[in-house]
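Structure assessment
In case you want the letters, here they are:
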Amino acid sequence: MKRVDHVVVGGGIMGSATTRALSKLGKKVVLLEQFRLGHKRGSSHGRTRIFRFSYPDAMYVAMAQESLELWRDLEREAGTELVHTTGGLDIGPRVAENARALEERGAGYEWIDGSTVRDRFPPLSLPADAEVLFQPDSGVIYADAAIASFVTSAMDAGADVIEERQVISIEPHARSVIVRTPGGDFEGDSIVVTAGPWAKKLLATIEIDLPVRPTRETVAYFDCDTSSVPTFVEWGSPSVYSLPSPGQGLKVGEHIAGPVADPDSDQPVDAQSVQRMSEWVTERFTGVDAEPRFSETCFYTNTKDEHFILERHGDIVVGSPCSGHGFKFAPLIGRRLAEFAVD
Ligand SMILES: Cc1cc2nc3c(=O)[nH]c(=O)nc-3n(C[C@H](O)[C@H](O)[C@H](O)COP(=O)(O)OP(=O)(O)OC[C@H]3O[C@@H](n4cnc5c(N)ncnc54)[C@H](O)[C@@H]3O)c2cc1C
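The notes below deal with the structure included here. Values in this document were obtained by computation on a predicted structure and should not be read as measured data. (Residues numbered from 1 in each chain as written. Predicted model: local features only at pLDDT ≥ 70, side-chain atom pairs only at ≥ 80, totals over all residues.)

Our next topic: the overall build of the protein. Per the secondary structure count, the protein includes 8 helices and 21 strands. Against the compact-globule benchmark of 20 Å for 343 residues, the protein has a radius of gyration of 20 Å, which places it among compact chains. Structurally, the protein occupies a C-alpha span of about 65 × 40 × 35 Å along its principal axes. Out of the 343 residues belonging to the protein, those deemed buried represent 48%. (Helix = DSSP H or I, 4+ residues; strand = E, 2+ residues; numbered from the N terminus. Rg over C-alpha atoms; globule rule 2.2 N^0.38 Å. Buried ≥ 20, exposed ≤ 12 C-beta atoms within 10 Å, placed from the backbone.)

What follows is the structure in structure tokens.
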């Protein structure tokens, strides 16, 4: 049995960020990932995610502001750009709430109409009189590079990262937690479970009931000159978003539109969702081929109110920050989970 200070279960973006944060606190940490880092069965794979300040709740605006500073720190350490600023657009019936929350936090924004959008961001084609919120700090997170940067930084600070090592059981004891894996066991003062859509099943084995619902979501990539394309969210039921994804085209997704699913099952794309996205692209953009280049799936782990679960049960820290919008906060959440693990 190997003794460490802390064990982190799951090497998606949240586990990688937490491992780095713990290592930077001088702790001896092991990160256990059941597959290879960057695999496509969970929530963190792919080239890009949206970074945005624009939220209807000022708490999330504040978290995004703090996260951006932390992303810039990681960029400096990694020597590579991780958040590329493009500006972002929001439309929809309740976007005035986002403007109020931005104002409360002193973040800049501008109301523009559809004609201005067409002039500034040519492939976008919104009705001339559309009321559009423009926020200049939005952008694209280079997702796979972000995971690699957290992991490299964690390993440089002494963390042990073990791939293809599935945690099969967790045993809480009086002063430590034992984690069992087929390749050997680990004992730590505490463990952090950042197991994404697998967390509910794993935690149920130690009688922690995680109130989440994993859904399999589909994203599609369309041929488009994205050189002047900002991030874009059309709030509705479901909300639809798009972002430039370098080398892949325009990435489009529907927010919480997929079926409840088991991450261990096969993962077909949802053809109806792809069809709706094709129609949306045709309506909102000009010169974009309605037939996607390709599409893929990704898991959301949803709470009812779409807030995150970050909590400590005895010596077990649980991090389930998803509901389809957690990536942008990863450096901040990693720091919080590390603080929970230490104290
Ligand atoms: C389609 C899609 C679009 C999104 N868009 C955005 C966006 O634009 N902006 C944004 O901010 N967020 C976005 N998100 C949300 C964001 O990607 C997630 O919040 C984030 O990836 C969650 O990461 P995670 O580390 O919690 O989970 P995961 O990435 O699923 O990582 C969990 C890891 O735990 C491992 N694991 C599980 N069980 C075990 C075990 N027993 N032993 C060892 N390892 C185990 C898994 O293999 C997995 O690698 C999006 C998500 C999806 C799916």
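The discussion continues.
Attention shifts here to the site of the ligand. Neighbouring the ligand are 37 residues, the closest being Gly10, Gly12, Gly42, Gly196 and Gly326. Those elements that place two or more of their residues in the shell around the ligand are helix H1 (13-24), strand S4 (48-51), strand S15 (213-222) and strand S19 (294-302). (Near = placed C-beta within 6 Å.)

What follows concerns the sheet that holds strand S2 (residues 6-9). With respect to topology, 6 strands assemble into an open sheet ordered S10-S3-S2-S14-S21-S20, the strand pairing being mixed. Edge positions in the open sheet fall to strand S10 (160-162) and strand S20 (309-313), since each of these has one partner strand only. For this sheet the average axis-to-axis angle between neighbouring strands, irrespective of direction, equals 15°. Direction of pairing for S2 relative to strand S14 (residues 190-193): parallel, over a ladder of 4 bridges. Residue pairing across strands places Val7 opposite Ile191, the latter belonging to S14. (Pairing = 2+ DSSP bridges. Axes fitted to C-alpha atoms, helices over the stretch in contact; angles between N-to-C directions.)

What helix H3 (residues 95-104) keeps buried is the set Val95, Asn98, Ala101 and Leu102. Each buried residue of H3 lies within a common arc of 110° when the element is viewed along its axis, so the set occupies one face. Buried residues belonging to H3 abut helix H2 (58-78), strand S6 (88-91) and strand S8 (131-135). Once H3 finishes, Gly106 follows within two positions and takes phi at roughly 70°, a positive value. (Arc of directions from axis to C-beta. Contact = placed C-beta atoms within 7 Å.)

Core analysis: the biggest nonpolar cluster contains 93 residues, and Val9, Ile141, Ala146, Ile191 and Val193 have the highest contact counts within it. When neighbours within four sequence positions are excluded, Ile191 is seen to be in contact with His6, Val7, Val9, Ile170, Val177, Val179, Ile316 and Val317. (Core = buried A, V, L, I, M, F, W, Y, C linked by C-beta atoms within 7 Å.)

Okay, helix H5 (residues 143-156) next. Here H5 is 14 residues long and its end C-alpha atoms lie 20 Å apart, about the 20 Å a rise of 1.5 Å per residue gives. Buried residues of H5: Ala143, Ala146, Ile147, Ser149, Phe150, Val151, Ser153 and Ala154, and no others. The inward-facing, buried residues of H5 contact H1, S4, H2, strand S9 (139-142), S10 and helix H8 (330-342). Following H5 by one or two positions, Gly158 adopts a phi angle in the positive range, close to 110°. (Expected span 1.5 Å × (residues − 1).)

What follows is about the sheet that holds strand S1 (residues 2-3). Strand order in this open sheet of 4 strands is S1-S13-S12-S11, and the pairing throughout is mixed. The open sheet terminates on both sides in strands that have one partner only, identified here as S1 and strand S11 (169-172). Here 3 bridges tie strand S12 (residues 177-180) to strand S13 (residues 186-188), and the two strands are oriented antiparallel to one another. Looking at the pairing, Ile178 lines up with Glu187 of S13.

Residue placement: Ile112 occurs in strand S7 (residues 110-113). Here the alpha-carbon distance between Ile112 and Glu207, two residues 95 residues apart in the chain, equals 51 Å. Discounting residues that sit within four places of it in the chain, Ile112 has contacts with Val117, Val132 and Phe134.

So far we have only geometry, and geometry alone does not tell us how the molecule works.
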